[in-house]
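For reference, the chains in residue letters:
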Amino acid sequence: MDCFIEEIISELTLPVPKLQELSLRFEEELENGLLRPDAMLKMLPTFVFALPTGSEVGKYLTVDLGGTNLRVALVDLLGNHKYSIRKDSWPIPDSLKSGHGTKIFTFIAQKIEEFLAHPEIEAELPLKLGFTFSFPIQQESLQHGCIMGWSKEIECADVIGQDAVKLLQESLHQRGLDISVEALVNDTVGTLLAQKYRDDRTGMSVILGTGSNAAYIERCSEIKKQNFPKNDQQLTLINIEWGTFGDTEAEPLLPLTRFDVTLDSESKNSKQQKFEKMISGMYLGEIFRLILCEAVEKGIFNWTGTDETKPAASVSPYSIKTKDMSDFHEAFVSENREKCLEIIAEKFKIECSTETSDKIITQLARLCESISLRSCCLCAVGITAVYRRLIRHDIIKSTDLFTVAVDGSLYQHYPNYSKILQELVCQMTRGSDEACCRIVLVMAEDLSSVGAAAAIAAIENIK
Ligand code: GLC
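Residues numbered from 1 in each chain as written. Predicted model: local features only at pLDDT ≥ 70, side-chain atom pairs only at ≥ 80, totals over all residues. Heavy atoms only, no water.

Trainee: Where do I start with the site of the ligand in this structure?
Mentor: Looking at the ligand, there are 15 residues lining it, with K152, N186, D187, E241 and E276 nearest. Here an oxygen atom of the ligand sits 2.5 Å away from a polar atom, N or O, in the side chain of E241. One of the side-chain N or O atoms of E276 is found 2.4 Å from an oxygen atom in the ligand. Protein chains bury 98% of the 310 Å² of accessible surface belonging to the ligand in isolation. (Near = heavy atom within 4 Å. Polar contact = N/O pair within 3.5 Å; in protein donor to acceptor, adjacent residues only side chain to side chain. Areas by Shrake-Rupley, 256 points an atom, 1.4 Å probe, with all protein chains shown as cover.)

Encoded structure:
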């Protein structure tokens with residue numbers, strides 16, 4: 001058992017010099033993405049030109065379509081960096097995740113109607129709506145954007161190329177709802193705007209949830225691949241779509257293991273989003289499961305499930321969730337042996353005898369730790385690349401604090417994830433100055449709707 005586990009852990013381990021090398025390459029790709037429309041990173045202009053100051057006021061309806069949940073909220077921006085929010089959320093039914101994409105928009109309109117059924121919310125009508133859409137969109141204004149593709153195992157090809165705002169607006173009209181969609185933002189953009197509303201030093205946001213991605217503040221004059229105001233002072237936001245880092249390389253750029261290769265080839269979007277597949281919550285549990293499959297095949301662990309569900313790459317994929325891994329790791333860290341054994345029996349279905357259980361618990365925890373640490377490391381690669389770019393281009397000063405808003409279930413709940421990520425970005429940017437790390441990661445829990453509201457309010461402030 002020891003040899004097998006050690007070998008896998010060493011494959012999953014990324015030493016700091018390798019991370020630095022990847023981060024430099026990432027920085028080059030940031031530049032390429034601003035120069036060329038066919039670059040590895042999409043680097044999508046967001047058409048956000050008015051950044052919130054925290055003084056904005058107004059009530060807005062918001063909708064946030066993620067990879068797992070749909071959230072509807074009434075956001076009241078109160079000014080003075082304050083807001084109140086009333087929200088509801090629903091899991092996106094699996095039946096909507098493939099087939100006709102219009103079903104998703106009908107579902108959203110139906111849930112908005114349910115949300116408005118509360119008399120005190122309905123009384124606020126007509127309302128302007130900020131739409132957070134957690135998938136890549138090609139925008140030509142803040143109010144429009146074509147769906148470029150899906151990810152996170154959603155596959156509704158028929159709406160690719162269509163305007164997400166138009167699709168939503170039509171579904172709302174069909175229900176006779178007096179709501180106009182005034183802003184379309186990616187979840188990274190919504191999170192950045194919301195944190196900017198709370199704290200002016202914010203320059204970047206990262207999502208570590210079902211998917212992973214980031215956005216940051218850029219100068220319009222740097223976006224050379226399309227016509228933009230060339231005024232050097234004008235700032236905007238870029239949705240990096242960082243999940244595609246490594247996708248277009250003939251020679252693999254990312255240190256993929258055989259488990260990453262299998263996961264990718266079995267996924268709905270094979271050869272796409274390879275970086276995301278090594279980082280985000282949709283996939284970590286599956287990487288862990290694929291390792292367990294190999295361990296069972298090699299007789300290192302004994303499988304206790306039925307023959308039909310015997311682990312194999314193609315049998316019951318995604319049956320171990322990142323949440324199961326996270327719960328197990330949490331139980332291990334807090335020395336809750338009973339809970340560890342319960343998860344091993346019920347979720348991992350690995351045999352544990354009295355003699356072997358301590359060893360099995362420790363080895364499984366080490367695997368979980370390595371998979372989650374690798375995710376943290378790759379995320380730090382992206383954050384530090386953006387940070388260096390912003391300093392090099394004089395958008396921030398190396399002496400200033402740089403706030404990065406981070407949201408997503410992995411960051412919020414995976415044991416020690418946030419702490420380790422903070423340590424890593426410091427380690428990678430500190431240089432010789434041991435005492436000083438200027439990057440501050442802050443939890444921006446479920447804030448993207450506040451950002452979508454702030455996007456509308458910030459334009460209204462200018463008018
Ligand atoms: C996926 C989507 C991206 C989104 C991210 C986090 O990577 O492509 O648009 O921001 O997930 O939800």
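Trainee: What am I meant to see in the environment of P17 here?
Mentor: The residue P17 is located in helix α2 (residues 16-35) in this model. On the accessibility criterion, P17 (60% relative accessible area) is exposed. A sequence separation of 226 residues divides P17 from G243, and the C-alpha atoms of the two residues are 22 Å apart. (Helix = DSSP H or I, 4+ residues; strand = E, 2+ residues; numbered from the N terminus. Buried < 20%, exposed > 50% of the residue type's maximum accessible area, 1.4 Å probe, protein only.)

Trainee: Is there a simple way to explain the packing of aromatic side chains in this structure?
Mentor: For any pair of aromatic rings, the description rests on two quantities: the centre-to-centre distance and the angle between the ring planes. Here the structure, examined in full by the defined rule, presents 15 aromatic pairs. On the numbers, 6.4 Å between centres and 65° between planes, the contact of Y283 with Y318 is edge-to-face. Here Y318 lies in the loop between α9 (281-297) and α10 (322-333) and Y283 lies in helix α9, a separation of 35 residues in the sequence. Chaining the aromatic ring pairs together yields one cluster made of F105, F131, F133, F135 and W150. (Phe/Tyr/Trp six-rings, centres within 6.5 Å; stacked < 30°, edge-to-face > 60°.)

Trainee: Sorry, what's going on with the pairing of strand β12 (residues 402-407) here?
Mentor: Here is the key point about a regular strand: its side chains alternate between the two faces of the sheet. Counting buried residues in β12 gives six out of six residues, a clear majority hidden from the surface. With burial as the criterion, each face of β12 is covered, one bearing F402, V404 and V406 and the other bearing T403, A405 and D407. Sheet topology places strand β9 (residues 202-208) next to β12; five bridges connect them, and they run parallel. The residue bridging S205 from the neighbouring strand is A405, located in β12. Where β12 lies against strand β13 (residues 439-443), five bridges are found, and the strand directions are parallel. Note that in β13 the partner of V404 across the bridge is L441. (Pairing = 2+ DSSP bridges.)

Trainee: Help me out: how do you make sense of the state of the cysteines in this one?
Mentor: Covalent bonding between the sulfur atoms of two cysteines defines a disulfide. A complete count under the given rule lists one disulfide for this structure. Residue pairing for C426: its cysteine sulfur links by disulfide to C437, the two sulfurs lying 2.3 Å apart. Taking the torsion about the S-S bond as the criterion, the C426 to C437 disulfide, at about -80°, is left-handed. Residue C426 is found in helix α14 (residues 417-429), and its partner C437 is found in the loop between α14 and β13; the two are separated by 11 residues along the sequence. A relative accessible area of 11% means that C426 is categorised as buried. You can see C340 has no disulfide; the closest cysteine sulfur is in C368, sitting 9.3 Å from it. (Disulfide = S-S within 2.5 Å.)

Trainee: So what exactly am I meant to see when it comes to helix α12 (residues 357-392) here?
Mentor: In this model, α12 (36 residues) spans 52 Å end to end at C-alpha, consistent with the 52 Å of a helix rising 1.5 Å per residue. The buried fraction of α12 is high, at 28 of 36 residues. Of the residues one or two after α12, D394 is the one with positive phi, at around 60°. (Expected span 1.5 Å × (residues − 1).)

Trainee: It is not clear to me how empty space enclosed by the protein should be interpreted in this structure. Could you clarify?
Mentor: Where empty space is left can be seen by rolling a probe of water-molecule size over the atoms. Enumeration according to the criterion identifies two cavities of 30 Å³ or more in this entry. Its boundaries defined by the atoms lining it, the largest cavity holds a volume of some 40 Å³. Taken together, the elements giving at least two residues each to the lining of the largest cavity come down to β1 (44-45), β6 (137-141) and β8 (179-185). Along the lines of polarity and charge, the residues of the lining of the largest cavity split into six nonpolar, four polar and no charged. By volume, the second largest cavity is sized at about 30 Å³. Looking at the second largest cavity, the residues that line it are L256, D260, D264, K274 and K277. Residue composition of the lining of the second largest cavity, grouped by class: one nonpolar, no polar and four charged. (1 Å grid on protein atoms, 1.4 Å probe; cavity = no way out; pocket = protein on both sides within 12 Å on 5 of 7 lines; lining within 4 Å. Points joined across faces, edges and corners; volume = space filled by probe spheres on them. Nonpolar A, V, L, I, M, F, W, Y, C, P; charged D, E, K, R; others polar.)

Trainee: Explain the nonpolar core to me, please; I cannot follow it from the model alone.
Mentor: Grouped burial of nonpolar side chains is what soluble globular proteins tend to show. Formed by 89 residues in total, the largest nonpolar core has its most connected members in W242 and I383. Residue contributions to this core peak at 18 residues, all from α12. The contacts of W242, once residues within four sequence positions are left out, are F26, L41, M204, V206, S212, N213, A214, F275, I279, C379, G382 and I383. With 38 residues, the next largest nonpolar core counts V63, I92, F135 and V159 among its residues. (Core = buried A, V, L, I, M, F, W, Y, C linked by side-chain atoms within 4.5 Å. Contact = heavy atoms within 4.5 Å.)

Trainee: Which parts of the structure should I look at to understand the sheet that holds strand β4 (residues 82-91)?
Mentor: Sheet strands pair by backbone hydrogen bonding; their relative direction is either parallel or antiparallel. On the basis of which strands lie adjacent, the open sheet formed by five strands has the order β4-β3-β2-β5-β8 and mixed pairing. A single partner strand is all that each edge strand has here, and the edge strands are β4 and β8. Neighbouring strand axes in the sheet, compared pairwise and without regard to direction, differ in orientation by 25° on average. In this structure, strand β3 (residues 69-79) lies alongside β4, joined through 10 bridges in antiparallel fashion. (Axes fitted to C-alpha atoms, helices over the stretch in contact; angles between N-to-C directions.)

Trainee: Which parts of the structure should I look at to understand the pattern of salt bridges?
Mentor: Charged atoms that come close allow side chains of opposite charge to pair. Under the criterion given, the structure shown has 35 salt bridges. The salt bridge involving E460 is made with K128; its shortest N-O contact spans 2.4 Å. In this pair, E460 sits in helix α15 (residues 448-462) while K128 sits in strand β5 (residues 127-133), placing the two residues 332 residues apart along the sequence. For E460, a relative accessible area of 29% gives the class partly exposed. Overall, the relative accessible area of 33% leaves K128 in the partly exposed class. Residue R389 pairs with E222 through a salt bridge whose shortest N-O separation is 3.6 Å. Linking R389 in helix α12 with E222 in the loop between β10 (212-219) and β11 (235-239), this pair joins segments that are 167 residues apart in sequence. Of the residues examined, R389 reaches a relative accessible area of 3% and is grouped as buried. (Salt bridge = Lys/Arg side-chain N within 4 Å of Asp/Glu carboxyl O.)

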